[in-house]
Amino acid sequence: MKSASIVILSFLLTCIFLAHGSDGSTGSPSQINPYQTLGISKDASQDEITKKYRQSCLKLHPDKNVNSGKEKQEECEKEFKEVQEAYSLIGTQEDRKKYEMMSRLQRRQPSYGGGAPMSRGRDPYSSEEIFQRFFDGGGNSRSPFDSPYQQMPRRRSAFYVNGVDVSHLFDPTRFSNRAAANTGVDDSPKSIFVQHVTVPLHELYSGSERKELHVEDSIFQRYHASFRGGTAKILALQGLIAAVPIFLRTNRPIVSLIAFLATFHLNLPQPSRLSYITKLKAGWKGGTKLKFNHEPGIGIVFVIREGKDDRFERVGNDLKTKMCIGTSKARKGCTLFIEPLGSKEMPIMVKLKRGEVSESGHIVTVRNRGWPRPDGQRGDLLIEVSIISDARASRRKHKNERKKKRG
(Lines give C-alpha, C1' and ligand atoms only; values in the text may rest on other atoms or scores of the structure.)
Protein backbone atom coordinates (compact mmCIF):
# COMPACT_ATOMS: atom_id res chain seq x y z
CA MET A 1 0.00 0.00 0.00
CA LYS A 2 2.86 2.34 0.83
CA SER A 3 4.57 1.73 -2.51
CA ALA A 4 1.27 2.31 -4.34
CA SER A 5 0.83 5.63 -2.54
CA ILE A 6 4.35 6.69 -3.55
CA VAL A 7 3.63 5.81 -7.20
CA ILE A 8 0.35 7.74 -7.18
CA LEU A 9 1.99 10.74 -5.47
CA SER A 10 4.77 10.75 -8.07
CA PHE A 11 2.20 10.64 -10.83
CA LEU A 12 0.30 13.59 -9.35
CA LEU A 13 3.47 15.65 -8.98
CA THR A 14 4.34 14.94 -12.62
CA CYS A 15 0.85 16.00 -13.72
CA ILE A 16 1.12 19.20 -11.70
CA PHE A 17 4.50 19.96 -13.24
CA LEU A 18 3.14 19.41 -16.77
CA ALA A 19 0.07 21.52 -16.15
CA HIS A 20 2.08 24.14 -14.34
CA GLY A 21 4.48 24.63 -17.24
CA SER A 22 8.21 24.14 -17.60
CA ASP A 23 9.16 27.81 -17.36
CA GLY A 24 9.39 27.75 -13.58
CA SER A 25 6.52 30.17 -13.12
CA THR A 26 4.54 29.63 -9.95
CA GLY A 27 1.37 31.19 -11.24
CA SER A 28 0.67 32.73 -7.81
CA PRO A 29 -1.90 35.51 -7.50
CA SER A 30 -0.99 39.16 -7.52
CA GLN A 31 0.88 40.62 -4.55
CA ILE A 32 -0.56 44.15 -4.84
CA ASN A 33 -1.96 45.97 -1.83
CA PRO A 34 -5.41 47.15 -2.94
CA TYR A 35 -5.55 49.95 -0.34
CA GLN A 36 -2.22 51.43 -1.45
CA THR A 37 -3.14 51.00 -5.12
CA LEU A 38 -6.41 52.93 -4.70
CA GLY A 39 -4.78 55.46 -2.36
CA ILE A 40 -7.13 54.91 0.59
CA SER A 41 -6.79 53.80 4.19
CA LYS A 42 -7.80 50.39 5.51
CA ASP A 43 -10.61 52.06 7.48
CA ALA A 44 -12.21 53.54 4.35
CA SER A 45 -15.90 52.83 3.80
CA GLN A 46 -17.23 50.97 0.75
CA ASP A 47 -18.61 54.23 -0.62
CA GLU A 48 -15.18 55.84 -0.37
CA ILE A 49 -13.61 52.83 -2.12
CA THR A 50 -16.17 53.01 -4.94
CA LYS A 51 -15.72 56.78 -5.33
CA LYS A 52 -11.93 56.50 -5.46
CA TYR A 53 -12.18 53.62 -7.93
CA ARG A 54 -14.33 55.62 -10.33
CA GLN A 55 -12.05 58.63 -10.09
CA SER A 56 -8.99 56.51 -10.83
CA CYS A 57 -10.71 54.84 -13.80
CA LEU A 58 -11.67 58.16 -15.34
CA LYS A 59 -8.14 59.48 -14.82
CA LEU A 60 -6.20 56.46 -16.06
CA HIS A 61 -8.49 55.19 -18.83
CA PRO A 62 -6.58 54.69 -22.13
CA ASP A 63 -9.01 56.96 -24.00
CA LYS A 64 -8.02 59.82 -21.70
CA ASN A 65 -4.33 59.45 -22.56
CA VAL A 66 -4.42 59.04 -26.32
CA ASN A 67 -2.36 62.17 -26.94
CA SER A 68 0.27 61.32 -24.31
CA GLY A 69 3.66 59.82 -25.10
CA LYS A 70 4.15 56.09 -25.49
CA GLU A 71 5.81 55.70 -22.09
CA LYS A 72 3.02 57.67 -20.42
CA GLN A 73 0.37 55.53 -22.13
CA GLU A 74 2.06 52.30 -21.02
CA GLU A 75 2.37 53.59 -17.45
CA CYS A 76 -1.30 54.63 -17.35
CA GLU A 77 -2.37 51.28 -18.80
CA LYS A 78 -0.39 49.41 -16.13
CA GLU A 79 -1.86 51.53 -13.34
CA PHE A 80 -5.33 51.14 -14.87
CA LYS A 81 -5.07 47.34 -14.69
CA GLU A 82 -3.77 47.50 -11.12
CA VAL A 83 -6.77 49.62 -10.13
CA GLN A 84 -9.13 47.04 -11.65
CA GLU A 85 -7.41 44.22 -9.79
CA ALA A 86 -7.41 46.18 -6.53
CA TYR A 87 -11.12 46.85 -6.77
CA SER A 88 -11.83 43.20 -7.55
CA LEU A 89 -10.26 42.38 -4.17
CA ILE A 90 -12.09 44.90 -1.95
CA GLY A 91 -14.87 46.27 -4.17
CA THR A 92 -17.64 44.64 -2.13
CA GLN A 93 -17.99 43.93 1.57
CA GLU A 94 -17.87 40.19 0.90
CA ASP A 95 -14.68 40.36 -1.19
CA ARG A 96 -13.11 42.70 1.36
CA LYS A 97 -13.73 40.24 4.21
CA LYS A 98 -12.23 37.40 2.19
CA TYR A 99 -9.20 39.50 1.33
CA GLU A 100 -8.60 40.36 4.99
CA MET A 101 -9.05 36.71 5.99
CA MET A 102 -6.63 35.49 3.32
CA SER A 103 -4.11 38.17 4.29
CA ARG A 104 -4.17 37.02 7.90
CA LEU A 105 -3.87 33.38 6.82
CA GLN A 106 -0.95 34.25 4.55
CA ARG A 107 0.90 35.95 7.40
CA ARG A 108 0.42 32.86 9.55
CA GLN A 109 1.68 30.50 6.80
CA PRO A 110 4.58 32.34 5.13
CA SER A 111 6.28 29.13 4.04
CA TYR A 112 3.56 28.31 1.55
CA GLY A 113 3.93 31.52 -0.39
CA GLY A 114 0.92 32.81 -2.28
CA GLY A 115 -0.61 36.23 -2.31
CA ALA A 116 -3.90 38.01 -2.32
CA PRO A 117 -7.06 36.11 -3.19
CA MET A 118 -7.97 35.82 -6.80
CA SER A 119 -10.32 38.27 -8.43
CA ARG A 120 -13.82 37.44 -9.55
CA GLY A 121 -12.84 35.90 -12.86
CA ARG A 122 -14.24 38.55 -15.17
CA ASP A 123 -12.18 40.59 -17.60
CA PRO A 124 -11.68 43.90 -15.76
CA TYR A 125 -9.48 45.46 -18.44
CA SER A 126 -11.94 45.78 -21.32
CA SER A 127 -12.40 49.52 -21.86
CA GLU A 128 -15.72 49.03 -23.59
CA GLU A 129 -17.07 46.83 -20.79
CA ILE A 130 -15.92 49.10 -17.97
CA PHE A 131 -17.29 52.34 -19.36
CA GLN A 132 -20.52 50.79 -20.58
CA ARG A 133 -21.17 49.41 -17.10
CA PHE A 134 -19.94 52.66 -15.50
CA PHE A 135 -22.76 54.66 -17.05
CA ASP A 136 -25.37 51.87 -16.96
CA GLY A 137 -24.54 50.38 -13.56
CA GLY A 138 -25.90 50.90 -10.10
CA GLY A 139 -28.80 49.39 -8.25
CA ASN A 140 -28.13 46.16 -6.47
CA SER A 141 -25.18 45.11 -8.62
CA ARG A 142 -22.12 43.66 -6.96
CA SER A 143 -19.98 46.31 -8.66
CA PRO A 144 -20.83 49.90 -9.66
CA PHE A 145 -19.69 48.92 -13.15
CA ASP A 146 -22.08 45.94 -13.41
CA SER A 147 -25.47 46.44 -14.99
CA PRO A 148 -28.28 45.01 -12.80
CA TYR A 149 -29.49 43.13 -15.87
CA GLN A 150 -26.13 41.50 -16.53
CA GLN A 151 -25.63 37.90 -15.41
CA MET A 152 -23.00 37.77 -12.71
CA PRO A 153 -19.93 35.61 -13.42
CA ARG A 154 -19.45 32.61 -11.20
CA ARG A 155 -16.53 32.73 -8.81
CA ARG A 156 -13.95 30.01 -9.27
CA SER A 157 -14.17 27.41 -6.51
CA ALA A 158 -11.27 27.29 -4.05
CA PHE A 159 -9.24 24.09 -3.87
CA TYR A 160 -7.19 23.54 -0.73
CA VAL A 161 -4.19 21.30 -0.13
CA ASN A 162 -2.92 21.36 3.48
CA GLY A 163 -4.84 24.57 4.11
CA VAL A 164 -3.49 26.43 1.05
CA ASP A 165 -5.67 27.42 -1.91
CA VAL A 166 -3.97 26.03 -5.03
CA SER A 167 -6.90 26.57 -7.39
CA HIS A 168 -4.84 29.11 -9.37
CA LEU A 169 -2.74 26.20 -10.64
CA PHE A 170 -5.76 24.97 -12.56
CA ASP A 171 -7.16 28.33 -13.66
CA PRO A 172 -7.27 28.39 -17.50
CA THR A 173 -6.88 32.19 -17.46
CA ARG A 174 -3.38 31.76 -16.01
CA PHE A 175 -2.27 29.81 -19.07
CA SER A 176 -4.08 32.27 -21.32
CA ASN A 177 -2.39 35.35 -19.89
CA ARG A 178 1.07 33.76 -19.93
CA ALA A 179 0.74 32.48 -23.52
CA ALA A 180 -0.47 35.85 -24.76
CA ALA A 181 2.38 37.64 -22.99
CA ASN A 182 5.07 35.33 -24.36
CA THR A 183 3.94 34.92 -27.97
CA GLY A 184 1.34 37.61 -28.56
CA VAL A 185 -1.04 34.85 -29.67
CA ASP A 186 -3.40 33.31 -27.14
CA ASP A 187 -3.55 29.60 -28.06
CA SER A 188 -3.78 28.39 -24.45
CA PRO A 189 -6.51 26.04 -23.14
CA LYS A 190 -9.90 27.68 -22.82
CA SER A 191 -13.56 26.82 -23.12
CA ILE A 192 -14.69 27.64 -26.65
CA PHE A 193 -18.42 28.16 -27.11
CA VAL A 194 -19.52 27.83 -30.76
CA GLN A 195 -22.88 29.31 -31.67
CA HIS A 196 -24.46 28.99 -35.14
CA VAL A 197 -26.59 32.00 -36.06
CA THR A 198 -28.83 32.35 -39.11
CA VAL A 199 -28.68 35.76 -40.79
CA PRO A 200 -31.17 36.74 -43.54
CA LEU A 201 -29.65 36.78 -47.01
CA HIS A 202 -30.52 40.42 -47.58
CA GLU A 203 -28.62 41.45 -44.39
CA LEU A 204 -25.50 39.62 -45.55
CA TYR A 205 -25.89 41.22 -48.98
CA SER A 206 -26.29 44.81 -47.75
CA GLY A 207 -24.46 44.57 -44.43
CA SER A 208 -25.60 45.90 -41.07
CA GLU A 209 -24.10 48.51 -38.76
CA ARG A 210 -25.48 46.84 -35.64
CA LYS A 211 -26.27 43.16 -35.26
CA GLU A 212 -26.99 41.55 -31.90
CA LEU A 213 -25.87 37.94 -31.45
CA HIS A 214 -26.75 35.65 -28.55
CA VAL A 215 -24.94 32.69 -26.97
CA GLU A 216 -26.89 29.71 -25.67
CA ASP A 217 -25.59 28.64 -22.27
CA SER A 218 -26.42 25.14 -21.02
CA ILE A 219 -24.71 22.29 -19.20
CA PHE A 220 -24.20 20.47 -22.50
CA GLN A 221 -22.67 23.58 -24.07
CA ARG A 222 -20.26 24.04 -21.15
CA TYR A 223 -19.03 20.45 -21.32
CA HIS A 224 -18.67 20.60 -25.09
CA ALA A 225 -16.83 23.94 -24.88
CA SER A 226 -14.36 22.62 -22.28
CA PHE A 227 -13.43 19.60 -24.41
CA ARG A 228 -13.30 21.67 -27.59
CA GLY A 229 -10.86 24.23 -26.17
CA GLY A 230 -8.73 21.98 -23.94
CA THR A 231 -9.94 23.18 -20.54
CA ALA A 232 -11.20 19.68 -19.79
CA LYS A 233 -7.62 18.47 -19.29
CA ILE A 234 -7.06 20.96 -16.48
CA LEU A 235 -10.42 20.15 -14.88
CA ALA A 236 -9.69 16.43 -15.10
CA LEU A 237 -6.36 16.93 -13.35
CA GLN A 238 -8.04 18.94 -10.62
CA GLY A 239 -10.69 16.24 -10.21
CA LEU A 240 -8.00 13.57 -10.05
CA ILE A 241 -6.15 15.37 -7.26
CA ALA A 242 -9.43 15.70 -5.36
CA ALA A 243 -10.41 12.04 -5.85
CA VAL A 244 -7.14 10.16 -5.19
CA PRO A 245 -6.73 11.24 -1.52
CA ILE A 246 -10.33 10.20 -0.84
CA PHE A 247 -9.68 6.81 -2.39
CA LEU A 248 -6.51 6.34 -0.34
CA ARG A 249 -8.37 7.14 2.88
CA THR A 250 -11.63 5.28 2.24
CA ASN A 251 -10.73 2.68 -0.41
CA ARG A 252 -14.17 3.34 -1.95
CA PRO A 253 -13.91 3.91 -5.71
CA ILE A 254 -17.54 5.06 -6.08
CA VAL A 255 -17.04 7.90 -3.61
CA SER A 256 -13.79 8.87 -5.34
CA LEU A 257 -15.52 8.87 -8.72
CA ILE A 258 -18.27 11.11 -7.36
CA ALA A 259 -15.64 13.51 -6.02
CA PHE A 260 -13.89 13.55 -9.40
CA LEU A 261 -17.12 14.25 -11.32
CA ALA A 262 -18.30 16.88 -8.83
CA THR A 263 -14.97 18.73 -8.98
CA PHE A 264 -15.01 18.63 -12.78
CA HIS A 265 -18.63 19.77 -13.01
CA LEU A 266 -18.49 22.60 -10.46
CA ASN A 267 -15.43 24.18 -12.10
CA LEU A 268 -16.74 24.21 -15.66
CA PRO A 269 -16.17 27.73 -17.08
CA GLN A 270 -19.42 29.61 -17.56
CA PRO A 271 -19.78 32.70 -19.80
CA SER A 272 -21.05 35.73 -17.95
CA ARG A 273 -21.83 37.62 -21.15
CA LEU A 274 -24.44 36.07 -23.44
CA SER A 275 -25.12 38.96 -25.83
CA TYR A 276 -22.69 40.57 -28.30
CA ILE A 277 -23.05 43.50 -30.68
CA THR A 278 -21.13 43.43 -33.96
CA LYS A 279 -21.08 44.90 -37.44
CA LEU A 280 -21.91 42.82 -40.52
CA LYS A 281 -19.89 43.68 -43.60
CA ALA A 282 -21.63 43.57 -46.96
CA GLY A 283 -20.76 40.37 -48.81
CA TRP A 284 -20.12 38.07 -45.86
CA LYS A 285 -21.07 34.48 -46.67
CA GLY A 286 -22.26 31.46 -44.78
CA GLY A 287 -19.43 29.94 -42.75
CA THR A 288 -17.95 33.29 -41.72
CA LYS A 289 -16.71 33.11 -38.12
CA LEU A 290 -16.81 35.96 -35.59
CA LYS A 291 -14.57 35.45 -32.56
CA PHE A 292 -14.78 37.20 -29.19
CA ASN A 293 -12.32 36.81 -26.29
CA HIS A 294 -13.69 39.30 -23.78
CA GLU A 295 -13.56 36.89 -20.83
CA PRO A 296 -10.40 35.18 -19.53
CA GLY A 297 -10.42 31.45 -20.23
CA ILE A 298 -13.51 31.65 -22.47
CA GLY A 299 -13.75 32.06 -26.24
CA ILE A 300 -16.98 32.79 -28.11
CA VAL A 301 -17.24 31.87 -31.80
CA PHE A 302 -20.29 32.75 -33.89
CA VAL A 303 -20.63 30.84 -37.17
CA ILE A 304 -22.89 32.55 -39.71
CA ARG A 305 -25.50 30.60 -41.63
CA GLU A 306 -27.24 32.08 -44.65
CA GLY A 307 -30.99 32.45 -44.32
CA LYS A 308 -33.17 31.48 -47.27
CA ASP A 309 -34.73 34.16 -49.45
CA ASP A 310 -37.99 33.82 -51.42
CA ARG A 311 -36.54 35.23 -54.64
CA PHE A 312 -32.75 34.98 -54.60
CA GLU A 313 -30.04 32.47 -53.81
CA ARG A 314 -26.28 32.92 -53.75
CA VAL A 315 -24.15 30.90 -56.15
CA GLY A 316 -20.50 31.67 -55.41
CA ASN A 317 -20.14 35.39 -56.02
CA ASP A 318 -23.27 35.48 -58.19
CA LEU A 319 -26.94 35.88 -57.36
CA LYS A 320 -29.55 33.73 -59.02
CA THR A 321 -33.28 34.34 -59.42
CA LYS A 322 -36.14 32.92 -61.48
CA MET A 323 -38.65 34.69 -63.73
CA CYS A 324 -41.68 33.38 -65.66
CA ILE A 325 -42.98 34.95 -68.89
CA GLY A 326 -45.83 34.06 -71.21
CA THR A 327 -45.33 32.47 -74.61
CA SER A 328 -46.32 35.65 -76.47
CA LYS A 329 -43.77 37.76 -74.59
CA ALA A 330 -41.08 35.18 -75.23
CA ARG A 331 -41.89 35.27 -78.93
CA LYS A 332 -42.21 39.06 -79.31
CA GLY A 333 -39.70 40.16 -76.66
CA CYS A 334 -40.33 42.07 -73.42
CA THR A 335 -38.71 43.95 -70.51
CA LEU A 336 -38.21 42.22 -67.15
CA PHE A 337 -38.50 44.30 -63.96
CA ILE A 338 -36.73 42.76 -60.92
CA GLU A 339 -36.78 44.14 -57.39
CA PRO A 340 -33.16 43.98 -56.10
CA LEU A 341 -32.09 42.14 -52.97
CA GLY A 342 -30.78 45.38 -51.45
CA SER A 343 -33.56 47.75 -50.35
CA LYS A 344 -31.59 50.89 -51.30
CA GLU A 345 -30.76 49.80 -54.85
CA MET A 346 -32.54 50.76 -58.07
CA PRO A 347 -34.81 48.16 -59.73
CA ILE A 348 -33.16 45.94 -62.33
CA MET A 349 -34.52 46.19 -65.89
CA VAL A 350 -33.59 43.59 -68.49
CA LYS A 351 -34.78 43.89 -72.08
CA LEU A 352 -35.30 40.61 -73.94
CA LYS A 353 -35.15 40.75 -77.73
CA ARG A 354 -37.59 38.97 -80.02
CA GLY A 355 -36.89 35.26 -79.95
CA GLU A 356 -34.00 35.58 -77.50
CA VAL A 357 -35.68 33.12 -75.10
CA SER A 358 -36.87 30.07 -77.00
CA GLU A 359 -37.18 27.51 -74.19
CA SER A 360 -37.47 27.31 -70.42
CA GLY A 361 -34.24 27.33 -68.42
CA HIS A 362 -32.57 30.03 -70.50
CA ILE A 363 -30.08 32.04 -68.39
CA VAL A 364 -29.85 35.82 -68.82
CA THR A 365 -26.76 37.39 -67.22
CA VAL A 366 -26.70 40.94 -65.78
CA ARG A 367 -23.13 42.05 -65.12
CA ASN A 368 -22.08 43.54 -61.76
CA ARG A 369 -25.45 43.11 -60.04
CA GLY A 370 -24.52 40.02 -58.04
CA TRP A 371 -22.94 39.34 -54.63
CA PRO A 372 -20.50 41.92 -53.18
CA ARG A 373 -16.86 40.76 -53.31
CA PRO A 374 -14.02 41.66 -50.91
CA ASP A 375 -12.26 43.68 -53.65
CA GLY A 376 -15.23 46.07 -53.90
CA GLN A 377 -16.53 44.57 -57.14
CA ARG A 378 -19.68 42.51 -57.57
CA GLY A 379 -20.53 39.23 -59.16
CA ASP A 380 -23.26 38.78 -61.76
CA LEU A 381 -27.02 38.36 -61.53
CA LEU A 382 -28.21 35.15 -63.19
CA ILE A 383 -31.87 35.17 -64.28
CA GLU A 384 -33.37 31.79 -65.13
CA VAL A 385 -36.31 32.40 -67.46
CA SER A 386 -39.18 29.90 -67.69
CA ILE A 387 -41.84 30.02 -70.42
CA ILE A 388 -45.45 29.36 -69.37
CA SER A 389 -48.83 29.87 -71.02
CA ASP A 390 -50.20 33.39 -71.33
CA ALA A 391 -53.22 32.55 -69.15
CA ARG A 392 -51.03 31.20 -66.37
CA ALA A 393 -48.69 34.18 -66.65
CA SER A 394 -51.68 36.52 -66.30
CA ARG A 395 -52.90 34.72 -63.17
CA ARG A 396 -49.45 34.88 -61.60
CA LYS A 397 -49.25 38.60 -62.36
CA HIS A 398 -52.59 39.34 -60.66
CA LYS A 399 -51.64 37.17 -57.70
CA ASN A 400 -48.37 39.06 -57.20
CA GLU A 401 -50.17 42.41 -57.45
CA ARG A 402 -52.65 41.39 -54.75
CA LYS A 403 -49.82 40.17 -52.58
CA LYS A 404 -48.03 43.52 -52.88
CA LYS A 405 -51.18 45.44 -51.91
CA ARG A 406 -51.65 43.30 -48.79
CA GLY A 407 -48.09 43.49 -47.70
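Residues numbered from 1 in each chain as written. Predicted model: local features only at pLDDT ≥ 70, side-chain atom pairs only at ≥ 80, totals over all residues. Heavy atoms only, no water.

Caption draft 1: Region of interest: the sheet that holds strand β12 (residues 362–366). As summarised here, the arrangement of the 4 strands in space is β8-β9-β13-β12, forming an open sheet in which the pairing is mixed. Each having just a single partner strand, β8 (312–315) and β12 make up the two edges of the open sheet. Pairs of neighbouring strands in the sheet enclose a mean axial angle of 35°, with direction left out of account. Where β8 meets strand β9 (residues 318–326), 4 bridges bridge the pair, whose relative direction is antiparallel. Within β9, the residue paired with V315 across the bridge is D318. (Pairing = 2+ DSSP bridges. Helix = DSSP H or I, 4+ residues; strand = E, 2+ residues; numbered from the N terminus. Axes fitted to C-alpha atoms, helices over the stretch in contact; angles between N-to-C directions.)

Caption draft 2: Just the packing of aromatic side chains, in detail. If you walk through the whole model with that rule in mind, you get 9 aromatic pairs. A centroid spacing of 5.9 Å and a plane angle of 10° characterise the contact between Y223 and F264, whose relative ring orientation is stacked. Taken together, the residues span a long stretch of sequence, with Y223 in helix α9 (residues 219–229) and F264 in helix α11 (residues 253–266) at a distance of 41 residues. Taking relative accessible area as the criterion, Y223 reaches 27% and is therefore assigned partly exposed. With relative accessibility at 7%, the residue F264 sits in the buried group. Here Y276 and F302 contribute two aromatic rings whose centre-to-centre distance is 5.9 Å and whose plane-to-plane angle is 70°, an arrangement assigned as edge-to-face. Placement of Y276 in strand β5 (residues 275–280) and of F302 in strand β7 (residues 298–306) is noted, with a sequence separation of 26 residues between them. Taken together, the aromatic side chains of Y223, F227, F260 and F264 make up a single cluster linked through ring pairs. (Phe/Tyr/Trp six-rings, centres within 6.5 Å; stacked < 30°, edge-to-face > 60°. Buried < 20%, exposed > 50% of the residue type's maximum accessible area, 1.4 Å probe, protein only.)

Caption draft 3: Spatial organisation of the sheet that holds β7. Strands sit in the order β3-β7-β6 across an open sheet of 3 strands; the sheet is mixed. Each edge of the sheet is formed by a strand with only one pairing partner; in this case those strands are β3 (191–199) and β6 (289–295). The sheet shows a mean angle of 20° between the axes of neighbouring strands, taken without regard to direction. In this structure, β6 lies alongside β7, joined through 5 bridges in antiparallel fashion. Its bridge partner being in β7, E295 is matched across the sheet by I298.

Function cannot be read off these values alone, since they describe shape.
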